[in-house]
Amino acid sequence: MFDGKKINEIKTSIDRWEKETVEKTISRFPERKEKFTTGSNAEVKRLYTPVDIKDFDYEEDLGYPGEYPYTRGVQPTMYRGRLWTMRQYAGFATAEESNERYKYLLEQGQTGLSVAFDLPTQIGYDSDHPLAEGEVGKVGVAIDSLKDMEVLFDGIPLDKVSTSMTINAPASVLLAMYIAVAEKQGVSKDKLRGTIQNDILKEYIARGTYIFPPEPSMRLITNIFEYCSREVPKWNTISISGYHVREAGSTAVQEVAFTLANGIAYVEAAINAGLDVDDFAPRLSFFFNAHNDLLEEVAKYRAARRLWARIMKERFKAKNPKSMQLKFHTQTAGSTLTAQQPDNNIIRVTIQTLAAVLGGTQSLHTNSRDEALALPTEESVRIALRTQQIVAYESGVTETVDPLAGSYYVESLTNKIEEEAIRYIEKIDELGGAPKAIEKGYIQREIQNAAYRYQMEIESGERIVVGVNKFQIEETEKKEILKVDRTVELNQKEKLARLKKERNNEEVERVLKLLKEKAETDENLMPYILDAVKAYATLGEICDVLREVFSEYEQSVIL
Amino acid sequence: MDRPIRVLVAKPGLDGHDRGAKVIARALRDAGMEVIYTGLRQTPEQIVAAAIQEDVDVVAMSILSGAHNHLFPRVVNLLKEEGVDDVLIIGGGVIPEDDIPFLLESGIEAIFTPGTSTKDVIEFIKNNLKR
């Protein structure tokens, strides 16, 4: 970008500026801190200049939006063409209540759905399982069978909305239910648009809703890749998630590195299962966090896009440009929300929204101010959605593509995050890939160290969290919060008992037996799971069959 | 008593958010306590069995899913049923203020919510041991 002579001149004048101008000021007005750092503890210099990006090659490192290496964005016109999808993650209590919330959100101008399931559903237990006690309908909607799914999407045309489902270990079962509901609406599979999270590796690392050991889990995932490439071609078959890695306390670099390392593992598994990289890679999608350090976050998304494009092209020899495009959903950072002075969270979420948008996200969930206290109320959810709409329609940042490109600081940070992520990925490769690195506890330990350091920085006052360790007030104001009571669990159990009485139980037995037989072979399980859900076999029954064949994952506790 | 304070850090229920549990575990360890961490998805029965087997002075539970009203008191009651009444039981997580009085009445001696300093937890444990 700059020739050597020019760079040397700038270096000389920086030295001069430091001596003549900066030192004079500092001797009278010292800087606030000895060392300045990003939200992820990377050192930040006083000033960034062309010297910091002296080897920068515009065409090679940035290029153009919609073209390799996609640093500036995956679409040529970005938000000038179409704004990101505003997709609020929602779901609680029963399918009826969640259905109402979805309709409310769609009326308010939301453009896609995002389903939150309760924990028993996410771990493949029916609502009447002993371990489900106290958890039914709490963090999401309880789904036991196709019956619940029919209610959940009642009156919502599945050929018109795109739906994202945060479901991992039993992703194939919930996807099958979604396909079955669509069929009942008269919508064929090839018209369905949406995403299943389906990212089991980060469950072992950070989120915890695993069921089966890694090997059969990876098989279920590649089954979905293969099935959808033929039958549900517009469906995003996985959302490789850094979000939870970051929530668990990782740095921005670790978020990029561990997510892409998991991505590499999925691509390798699918290739080993005999798939062609360009048949499934265009449907891989990603999910990142948006933290408070605005410029570091923007650099993070840009670095992730460039690095993934390079990995797909160079390492996996992908030919289809779509295989190289890192498309991602973003959620603002739950871990940055404070229970103290909760309205302050609206401002945090605004900064995080800007980060995601300036970083070129494809869709966004904004957290509600009260989520450090409980599930959000309708009013809080509306403010969160309005935050996106204000950034979209009033801030002006959407009018040109990748507006922060060329900032010495942002480009230098983008390079640095990419370089450090590459070093982590090399280390993980040395350990034998992400699944092995997880088994050895390497990834978990790296995250825990970062999380602990972060907490200690807050406690020492080195890091300020407004309202928590500075600018505190006596908290008096009582907030209205949303609660899910026990009747949800009882109703759900009743519904389940009724279903088990009314359905054709011989048919259920037949489809479950067939599923079990097929699970013991190498066949793709998706068609058999689809048959099982259509016969109203429950989620728990289907997962139990698979538990029998695959066994259950045992977590190794790492401290 | 010269032996270090022994603490069982436990994750009852199904939620997998153990950042807080692990940070607390490490902070207690750095404060000189012996810490055993159960890992995820522990039933109240498993937690009580571990507490007895490890002969701990403190059981520190963390929940972020909202199942605290159901699961925390069960641990207290099961410990009582086993005849253990000298263990300090504390809890933390995303717990609405309205639920705290009920939990305290049920025998959880303190509830720590988001934003709590680990120093406060350490201090509380040292000052409220029952043996």
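Parameters and conventions
- Residues numbered from 1 in each chain as written.
- Chains lettered and ligands numbered in written order.
- Predicted model: local features only at pLDDT ≥ 70, side-chain atom pairs only at ≥ 80, totals over all residues.
- Helix = DSSP H or I, 4+ residues; strand = E, 2+ residues; numbered from the N terminus.
- Rg over C-alpha atoms; globule rule 2.2 N^0.38 Å.
- Buried ≥ 20, exposed ≤ 12 C-beta atoms within 10 Å, placed from the backbone.
- Contact = placed C-beta atoms within 7 Å.
- Nonpolar A, V, L, I, M, F, W, Y, C, P; charged D, E, K, R; others polar.
- Pairing = 2+ DSSP bridges.
- Right-handed = clockwise from strand over helix to strand, strands pointing away.
- Core = buried A, V, L, I, M, F, W, Y, C linked by C-beta atoms within 7 Å.
- Domains from an automatic or database assignment.
- Expected span 1.5 Å × (residues − 1).
- Bend = angle between axes of the 7 residues up to and from the residue.
- Axes fitted to C-alpha atoms, helices over the stretch in contact; angles between N-to-C directions.
- Parallel < 35°, antiparallel > 145°, perpendicular 65-115°, else oblique.
- Left-handed = near helix turned anticlockwise from the far one by under 90°.

Some thoughts on the overall build of chain A
- Helix and strand counts for chain A stand at 22 helices and 10 strands.
- The C-alpha atoms of chain A give a radius of gyration of 24 Å, which matches the 24 Å a tight globule of 559 residues would have.
- Considered along the principal axes of its C-alpha atoms, chain A spans approximately 85 × 60 × 45 Å.
- A total of 559 residues make up chain A; the buried ones form 49% of that total.
- Sequence separation of at least 24 residues holds for 78% of the intrachain contacts in chain A that already meet a minimum separation of 6.

Quick word on the interface of chain A and chain B
- Contacts between the two partners involve 32 residues from chain A, matched on the other side by 27 residues from chain B.
- At the level of elements, α4 (119-122) and α18 (442-460) of chain A are the ones that each hand at least two residues to the side of chain A that touches chain B.
- Among the elements that line the side of chain A that touches chain B, the one with the most residues is α18(A), at five residues.
- In the side of chain A that touches chain B, the residues fall into 17 nonpolar, nine polar and six charged.

Quick word on the pairing of strand β1 (residues 6-10) of chain B
All names here are of chain B.
- Across the five residues that make up β1, a large majority, four, are buried.
- Pairing geometry for β1 and strand β2 (residues 34-37), over four bridges, is parallel. Bridged to R6 within β2 is E34.
- Crossover connection from β1 via helix α1 (residues 19-30) to parallel β2: handedness right-handed.
- Sheet topology note: the β1/strand β3 (residues 58-63) ladder contains four bridges and is parallel. Paired with L8 across the bridge in β3 is V59.

Describing the nonpolar core
- L260(A), I529(A) and V59(B) are the most contacted members of the largest nonpolar core, which totals 192 residues.
- In terms of residues, this core owes the most to one element, helix α10 (residues 252-272) of chain A, which gives 13 residues.
- Those residues in contact with L260(A), other than ones at most four positions away along the chain, are A304(A), L307(A), W308(A), I311(A), A421(A) and I425(A).

Overview of the domain arrangement of chain A
All names here are of chain A.
- Each assigned domain of chain A is listed with its residue range as follows: domain 1 (4-53) and domain 2 (63-460).
- With 10 residues of domain 1 at the contact, the number on the domain 2 side is 14 residues.
- Of the residues in the side of domain 1 that touches domain 2, the class split is four nonpolar, five polar and one charged.

Considerations on the environment of A110(B)
Residues and elements named next belong to chain B.
- As for its placement among the helices and strands, A110 is situated in strand β5 (residues 110-112).
- Judged by the 19 C-beta atoms lying within 10 Å of it, A110 falls in the partly exposed class.
- Each C-alpha atom, one on A110 and one on I90, is 5.0 Å from the other, the two residues being 20 residues apart in sequence.
- Residues in contact with A110, not counting those within four places in the same chain, are I90 and F124.

Comments concerning helix α1 (residues 4-28) of chain A
- Between its terminal C-alpha atoms α1(A) stretches 35 Å, which fits the 36 Å expected from 25 residues at 1.5 Å a residue.
- Of all bends in α1(A), the biggest is about 40°, found at V22(A).

Considering the sheet that holds strand β8 (residues 284-290) of chain A
Residue and element names in this part refer to chain A.
- With respect to topology, five strands assemble into an open sheet ordered β1-β10-β9-β8-β7, the strand pairing being parallel. With one partner strand each, in any of the chains shown, β1 (85-86) and β7 (238-241) form the two edges of the open sheet.
- Strand direction decides the pairing type here: β8 and strand β9 (residues 328-332), joined by five bridges, are parallel. Within β9, the position partnered with F288 by the bridge is T330.
- Its contacts with the sheet place helix α14 (residues 344-358) against β8, β9 and β10 (363-365), and it is angled at close to 165° to β9.

Points about the environment of D402(A)
Residues and elements named next belong to chain A.
- Tracing the backbone through its elements, the reader meets D402 in the loop between α15 (378-394) and α16 (408-430).
- Spatially, the C-alpha atoms of D402 and Y79 are 9.7 Å apart, while their sequence positions differ by 323 residues.
- The residues contacting D402, other than those within four sequence positions of it, are P65, R72, G73 and G360.

Side note on the packing of α10(A) against α16(A)
Residue and element names in this part refer to chain A.
- The N-to-C vectors of α10 and α16 enclose an angle of 45°; their axes lie 8 Å apart at closest approach. The angle between α10 and α16 places the two elements in the oblique class. Seen along the crossing, α10 lies across α16 with a hand that is right-handed. Each of A252, V253, Q254, V256, A257, L260 and A261 in α10 lies in contact with α16, whose residues at this interface are I417, E420, A421, Y424, I425 and I428.
- Here the residues of the contact of α10 with α16 sort into 11 nonpolar, one polar and one charged.

Side note on unusual backbone geometry
Residue and element names in this part refer to chain A.
- Omega for the bond connecting Y68 with P69 falls within 30 degrees of zero, at 0°, which places this linkage in the cis form.
- Within the secondary structure, P69 is located in the loop between α2 (58-62) and β1.
- Positive phi values are uncommon outside glycine, yet S551 reaches one of about 70°.
- Looking at the secondary structure, you find S551 in the segment after α22 (539-550).
- By C-beta crowding, S551 is classed as exposed, having 12 other C-beta atoms within 10 Å.

Considerations on the sheet that holds strand β6 (residues 235-236) of chain A
Residue and element names in this part refer to chain A.
- If you trace the five strands from one edge of the open sheet to the other, you get β2-β3-β4-β5-β6, paired in parallel fashion. The two strands at the open ends of the sheet, each matched to only one other strand, are β2 (89-90) and β6.
- In the sheet, strand β4 (residues 162-165) pairs with strand β5 (residues 193-196) via four bridges, with the strands oriented parallel. By the bridge assignment for β5, T163 is matched with G194.

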